[in-house]
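Below, each chain spelled out in residue letters.
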Amino acid sequence: MNTSRKTFLSKHATAFALLGVFVVTFGMIGAECPLGPTMPTPTGDSGLTGRFVGSERCAECHSNVHDNWLSTLHAGALETLEAIGQGENDTCLACHTVGFGEEGGFVDRATTNSLAGVGCEACHGPSGDHASNVNDESLRPPTSIAANICGDCHTGERHPNFEEWEMSAHAAKSISDRFEEGGFYLNACGKCHSGDFYYMAILEGQTVENDALMGVAVADQNGITCAVCHDPHARTGNFAVEPEDGRDYQLRFPEVASPIPTNTIDATTNPDRFNICGQCHHGRGRTWEATSRGPHNSVQSNMYVGEMALPDADENRSPLVPSTFSVHALATEQCASCHMFRQDFQDEFAPAIAGHSMEVNNGGCAASGCHPTIESAVAAQATLQTEIQDRLDDIETRLNGFAMTFTEGGALSGAAAWEYSATGGPSEADQSEIPDNIKKIRFFLKYVQADGSLGVHNPDYTRRILDEAEDLLDDESL
Ligand code: HEC
Ligand code: HEC
Ligand code: HEC
Ligand code: HEC
Ligand code: HEC
Ligand code: HEC
Ligand code: HEC
Ligand code: HEC
């Protein structure tokens, strides 16, 4: 049976290929393809048990979601198998249809055609009871943003999105023990640190109580899961470059944004200015005047744009450091070029895979054509990072030379004299004794440290920040 399908396929390979060209040509002149797709289209639903009912049924009431979903690759996942003669291969169907191998799930085109493709119930579970009793709230299908829902299929060596994501800091939830305890942290930190808060507040537009996750074990909470970055239902057109083969990565926010640098707190903390990563990887409005804490670890987008927030009260808006465009702002897919390097398409069963561990892959530096080889990019990165690290160390040493004689009874020396109060420096009250120049220098130091790339995000801006810090240290004779 398998052999004869193979023989059939190879005998007809040329014809299929020609047909492909024909379809493409027709597509280009905007006409409907008169022959239809290259796969068989037997249809029939005699095998439906009512447990799974199929996406068409959902369309009766959820027509918007259904229309959007129809344009995604999920809708045509069985056609993808059929186009390569694998439409009846049992080892493939569980991930390319709804409920294959489960009670009432997909069997074949002839008896369960409505369950072809990655339909609504592939993610929401069997929803027949809901469709027949829509007013019964206890039967409403779950709308979980848990990563394992996508991860059940986006897994394995051909498409290890889930495994890579699990390794990433986006899966780890460094502060969610605070969400479990309740308190103000959920609202203050959740929009960037909790997928659950993100879903409730930002996607569903709800007012979220501070204790909404109280008692929910950390292990049951969602971090930055797939559905935080990806729209599960729609083709969004937010990919940076026209993706190959008419794909769409269903990104909720554009992969590329090029904001004009600015220095107000409002703008530097406004996610709407930034790309998908900058929704969270932007500053939280701390300025050099801050006394208790320095910049949050999330300033990457501001650094990339070459900007820094000034105190709101600062009437003279000329920036402390001239705003400086990054040579890396032109990377084709911006943050994703380096942090989500996409390996090429490997064979007909293996799509191009984007790195979801977020670890820097220097393959992106060479693939972009900007660095001649991966090795030269690695070397350039190491040289730059060493230069920046040396200057940071030197600034810290010079700052340590500053010791206050007028606070805490003159007992402070070294870093304890110039640090933020939350980092072991003078108490909040005594922070006002620290001269402005020293506050500016420590802010510059912490800004570059918080960015975490040691200059790579914006080499020239980083250098200018450090120049400024060194000039001030000279002024202070340190
Ligand atoms: C006869 C109308 C009808 C049909 C058919 C129907 N639904 Fe619903 N569905 C509703 C109504 C009404 C609600 C509740 C209002 C709302 O949340 O939009 C709802 C809610 C939902 C929710 C959201 C629950 C929530 O907490 O927000 C999901 C998910 C859902 N339906 C999925 C499906 C799926 C999948 C199908 C097809 C298998 C389907 N529905 C078929 C009417 C329908
Ligand atoms: C039942 C299995 C299954 C589930 C569950 C599933 N997917 Fe998919 N997904 C697929 C298959 C199969 C394809 C490829 C479809 C094709 O090319 O015909 C795909 C394609 C995609 C693509 C397009 C990839 C490209 O190369 O253009 C994205 C993005 C995607 N899925 C994201 C998600 C997200 C996010 C979730 C969870 C909310 C999810 N998927 C859940 C099976 C699944
Ligand atoms: C790839 C997985 C996936 C598929 C396929 C999918 N959904 Fe969803 N759906 C989700 C996730 C995750 C959420 C919660 C996040 C969100 O609202 O974007 C959700 C939310 C919803 C909601 C509530 C919020 C809203 O957007 O209205 C409804 C209703 C819904 N889905 C219906 C459907 C219907 C109907 C289909 C099929 C036409 C479908 N879904 C297909 C994963 C999926
Ligand atoms: C604007 C989005 C945003 C907000 C709001 C936010 N954070 Fe963060 N935070 C981030 C990002 C992004 C990172 C990761 C940056 C990195 O590690 O380089 C981070 C990192 C951290 C880290 C370091 C984690 C580690 O393992 O190194 C801690 C701790 C932290 N945040 C605590 C908080 C707390 C507490 C709040 C609320 C009071 C908060 N954050 C609010 C975006 C935010
Ligand atoms: C922090 C945001 C973010 C999270 C979380 C995320 N993705 Fe992605 N994903 C992206 C971006 C950005 C791209 C496009 C990358 C590129 O330019 O190549 C992408 C690409 C993809 C693609 C298409 C390329 C490929 O690898 O085949 C799939 C499929 C996908 N993601 C699935 C998932 C799944 C499944 C999860 C959860 C396990 C997930 N993503 C979590 C941002 C995210
Ligand atoms: C919804 C918010 C959000 C979005 C969107 C987001 N991140 Fe993150 N990211 C975080 C948080 C929060 C952390 C820190 C998690 C922790 O340590 O607890 C983080 C951590 C990271 C880290 C690891 C930092 C470290 O110290 O190890 C990298 C790298 C990263 N993100 C890159 C990206 C890239 C690239 C994108 C866009 C494709 C992106 N992020 C999108 C919130 C987000
Ligand atoms: C030109 C390549 C490149 C681009 C573009 C880029 N990064 Fe980075 N990023 C790096 C390098 C290199 C590091 C340092 C990693 C190391 O040394 O291990 C880094 C570090 C980080 C870190 C800290 C990781 C850690 O372990 O502390 C985060 C978070 C981050 N980048 C997020 C982003 C975001 C968000 C963007 C887009 C605004 C972005 N990056 C754009 C190359 C890049
Ligand atoms: C574990 C679930 C799973 C199984 C089993 C599975 N696939 Fe897939 N398949 C996927 C997912 C997820 C994608 C989308 C990957 C992406 O775009 O990142 C996909 C995509 C594809 C694609 C599109 C590749 C491209 O470049 O767009 C083909 C072809 C394919 N699968 C064939 C098969 C065949 C043939 C089998 C059986 C031998 C099979 N798949 C078994 C989950 C699966």
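Computed from a predicted model, the values in this text were never measured in an experiment. (Residues numbered from 1 in each chain as written. Chains lettered and ligands numbered in written order. Predicted model: local features only at pLDDT ≥ 70, side-chain atom pairs only at ≥ 80, totals over all residues. Heavy atoms only, no water.)

**Comments concerning the nonpolar core**
- Formed by 35 residues in total, the largest nonpolar core has its most connected members in M308, I395, L399, I441, F444, Y447 and I465.
- Secondary-structure elements contributing two or more residues to this core are α19 (374-400), α20 (415-418), α21 (436-451) and α22 (459-475).
- The contacts of I395, once residues within four sequence positions are left out, are I441, L445, L466, A469, E470 and L473.
- Ranked by size, the runner-up nonpolar core spans 9 residues in total, among them F52, L93, V98 and A116. (Core = buried A, V, L, I, M, F, W, Y, C linked by side-chain atoms within 4.5 Å. Buried < 20%, exposed > 50% of the residue type's maximum accessible area, 1.4 Å probe, protein only. Helix = DSSP H or I, 4+ residues; strand = E, 2+ residues; numbered from the N terminus. Contact = heavy atoms within 4.5 Å.)

**Side note on the confidence of the model for the protein chain**
- Chain-level statistics for the protein chain give a pLDDT mean of 88 and a share of 89% at 70 or above.
- The low-confidence segment residues 1-37 (pLDDT under 50) makes 15 contacts with residues lying over four places distant or belonging to another chain. (pLDDT = per-residue confidence, 0-100.)

**Points about the site of ligand 6**
- Taken together, the neighbourhood of ligand 6 is formed by 14 residues, with H170, S174, C277, C280 and H281 sitting nearest.
- In the model, a nitrogen atom of ligand 6 is placed 2.9 Å from a nitrogen or oxygen of the H170 side chain.
- Interatomic distance of 2.8 Å between a side-chain N/O atom of H281 and a nitrogen atom of ligand 6.
- Of the residues that constitute the shell around ligand 6, the class distribution is 9 nonpolar, 5 polar and no charged. (Near = heavy atom within 4 Å. Polar contact = N/O pair within 3.5 Å; in protein donor to acceptor, adjacent residues only side chain to side chain. Nonpolar A, V, L, I, M, F, W, Y, C, P; charged D, E, K, R; others polar.)

**Quick look at unusual backbone geometry**
- Here the phi dihedral of M358 falls at roughly 70 degrees; this positive angle occurs in a residue that is not glycine.
- Here M358 lies in the loop between β2 (353-354) and α18 (363-367).
- The phi dihedral of S477 falls on the positive side, at around 55 degrees, and the residue is not glycine.
- On the basis of relative accessible area, S477 is assigned to the exposed category, the value being 65%.

**Focus on the coordination of the iron atom of ligand 3**
- For the iron atom of ligand 3, every protein donor is listed as H124 (NE2) and H233 (NE2), and the spread of their distances is 2.0 Å.
- With 6 donor atoms in place around the iron atom of ligand 3 and angles of 88 to 179 degrees between them, the coordination shape is octahedral. On the criterion of sequence distance, the pair formed by H124 in helix α7 (residues 120-124) and H233 in the loop between α14 (226-229) and α15 (265-268) is long-range, its members being 109 residues apart. (Donors = N, O, S within 2.8 Å, 3.2 Å for Na, K, Ca; no water. Tetrahedral: all angles 85-135°; square planar, octahedral: opposite > 155°, others 65-115°.)

**Some details on the pattern of salt bridges**
- A complete count under the given rule lists 13 salt bridges for this structure.
- Two residues, R57 and E60, come together in a salt bridge whose shortest N-O distance is 3.9 Å.
- Its relative accessible area of 62% is what places E60 among the exposed residues.
- E419 is the salt-bridge partner of K446, the closest N and O atoms lying 2.8 Å from each other. In this pair, K446 sits in helix α21 while E419 sits in the loop between α20 and α21, placing the two residues 27 residues apart along the sequence.
- Its relative accessible area of 16% is what places K446 among the buried residues.
- Residue E419 is classed as buried on the basis of its relative accessible area, which comes to 9%.
- Each of E387, R391, D460, R463, D467 and E470 takes part in salt bridges that share partners, so that together they form one network. (Salt bridge = Lys/Arg side-chain N within 4 Å of Asp/Glu carboxyl O.)

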